[in-house]
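Chain by chain, the residues run as shown.
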Amino acid sequence: KRRFKSDFYRRTEVTLMAINPEFLKFMKINPMTLYSKGAAKLGVTSEETDQIRKDVITYTNQYYPNFNKLDDNVKSNIMEALTHGLAAYRIGDTPAKRAAFQAKDISQAIGHGLFADTKFFDEEIGDAVNNKVGFFLREKHQDNEKEAVKELIDMINKKDKRLYFISDADQKPINKLLGFY
């Protein structure tokens, strides 16, 4: 029993250190390098993620021509929901990629929540919530990205309860992630 307990705690400790971005920085390991290597194993390239970032800007300019005049909170909400929704729509074409994509954001949340600044915990869980919306849009619209983006923009504009918005401090994103709206 004693050995089991110590092994369990050691493995748990090692696991938590492995997913903790602060620990990885301390060990001179760039967490983004780990995420990039994992993405590459699933066939997601840095070119693809760079293109997603560029397309988020294109869609933002297309659907929000006065974006720069908007309140900073509104801009943050738009960018976060659109970035994670579009990335999840494009990348989440297989169950393995969806699981890996969610694991990335959830591991970041755990790292922030346990070891670093806890204000980022909700935002990282919120990213996973917005990923779920992207996966939903992928299922609904398949390869019709234009329709998926239109629906996502509509959801953002209506502040759809399935999305996480950074400026809504009273939200509990963990409840949304688990399906409790």
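Please refer to the structure higher up on the page.
Residues numbered from 1 in each chain as written. Predicted model: local features only at pLDDT ≥ 70, side-chain atom pairs only at ≥ 80, totals over all residues. Heavy atoms only, no water.

S.K.: Before we move on, can you summarise the environment of F120 with the specific residues and values?
M.R.: Note that F120 resides in helix α7 (residues 119-141). Along the chain, F120 and A109 lie 11 residues apart, while their C-alpha atoms are 7.0 Å from each other. (Helix = DSSP H or I, 4+ residues; strand = E, 2+ residues; numbered from the N terminus.)

S.K.: Run through the pattern of salt bridges, naming residues and quoting values.
M.R.: In the structure shown here, the tally under the stated rule is 12 salt bridges. A salt bridge links R90 to E145; the shortest N-O distance between them is 2.8 Å. Taken as a pair, R90 in helix α5 (residues 72-91) and E145 in helix α8 (residues 145-157) lie far apart in primary sequence, 55 residues in all. The same class applies to R90 and to E145, which are both buried. Among the ionic contacts, a cluster of salt bridges with common partners joins D55, R90 and E145. (Salt bridge = Lys/Arg side-chain N within 4 Å of Asp/Glu carboxyl O. Buried < 20%, exposed > 50% of the residue type's maximum accessible area, 1.4 Å probe, protein only.)

S.K.: Go over the packing of aromatic side chains with me, naming the residues and quoting the values.
M.R.: Evaluated as defined, the whole model comprises 1 aromatic pair. With a centroid separation of 6.4 Å and an interplanar angle of 65 degrees, the aromatic rings of F101 and F135 are classed as edge-to-face. With F101 in helix α6 (residues 95-115) and F135 in helix α7, the pair connects residues that are 34 residues apart, well separated along the chain. The ring of F67 carries the charged tip of K75 above its face, separated from the ring centre by 6.0 Å. Positioned above the aromatic ring of Y89 is the side chain of R138, whose terminal nitrogen or guanidinium carbon lies 5.2 Å from the ring centre. (Phe/Tyr/Trp six-rings, centres within 6.5 Å; stacked < 30°, edge-to-face > 60°. Lys NZ or Arg CZ within 6 Å of the ring centre and 35° of its normal.)

S.K.: Help me get a handle on helix α4 (residues 46-63), residues and values and all.
M.R.: The end-to-end C-alpha distance of α4, which contains 18 residues, comes to 26 Å, matching closely the 26 Å that a straight helix rising 1.5 Å per residue would cover. All of the buried residues in α4 are I52, D55, V56, Y59 and T60. Looking straight down α4, one finds that the buried residues subtend no more than 140 degrees of arc, so they occupy a single side. Residues of α4 that are exposed and angled more than 90 degrees away from the buried face: E47, R53, K54, N61 and Q62. Buried residues belonging to α4 abut α5 and α8. (Expected span 1.5 Å × (residues − 1). Arc of directions from axis to C-beta. Contact = heavy atoms within 4.5 Å.)

S.K.: An account of the nonpolar core is requested, with residue identities and associated values reported.
M.R.: Counting residues in each nonpolar core, the largest one holds 26 residues, and the members touching the most others are L82, L152, I156 and L163. When residues of this core are traced back to their parent elements, those giving at least two are α4, α5, α7 and α8. Ranked by residue count, the leading element in this core is α5, at 8 residues. (Core = buried A, V, L, I, M, F, W, Y, C linked by side-chain atoms within 4.5 Å.)

S.K.: I'd like to hear about the side chain of R138, residue by residue, with values.
M.R.: Checked against the element boundaries, R138 lands in helix α7. On the accessibility criterion, R138 (16% relative accessible area) is buried. Polar contacts involving the side chain of R138 include one to the side chain of D143, which spans 3.3 Å. Excluding anything up to four places from it in sequence, R138 contacts Y89, R90, G92, D93, R98 and D143. (Polar contact = N/O pair within 3.5 Å; in protein donor to acceptor, adjacent residues only side chain to side chain.)

S.K.: Explain the packing of α4 against α5 to me, using residue names and the numbers behind them.
M.R.: Interhelical geometry of α4 versus α5 gives an angle of 135 degrees and a closest axis separation of 10 Å. Here α4 lies oblique to α5, going by the angle between them. In the packing of α4 onto α5, the handedness of the crossing is right-handed. Two secondary-structure elements touch here, α4 through E48, T49, Q51, I52, D55, V56, I57, Y59 and T60 and α5 through M79, L82, T83, L86, A87, R90 and I91. For the contact of α4 with α5, a count of residues per class yields 9 nonpolar, 4 polar and 3 charged. (Axes fitted to C-alpha atoms, helices over the stretch in contact; angles between N-to-C directions. Parallel < 35°, antiparallel > 145°, perpendicular 65-115°, else oblique. Left-handed = near helix turned anticlockwise from the far one by under 90°. Nonpolar A, V, L, I, M, F, W, Y, C, P; charged D, E, K, R; others polar.)

S.K.: Hey, could you go over unusual backbone geometry for me, with residue numbers and the actual values?
M.R.: A positive phi angle, near 50 degrees, is found at Q142, a position not held by glycine. Residue Q142 is classed as partly exposed on the basis of its relative accessible area, which comes to 46%. With a phi close to 50 degrees, K159 is a non-glycine residue in the positive phi region. As for its placement among the helices and strands, K159 is situated in the loop between α8 and α9 (173-177).

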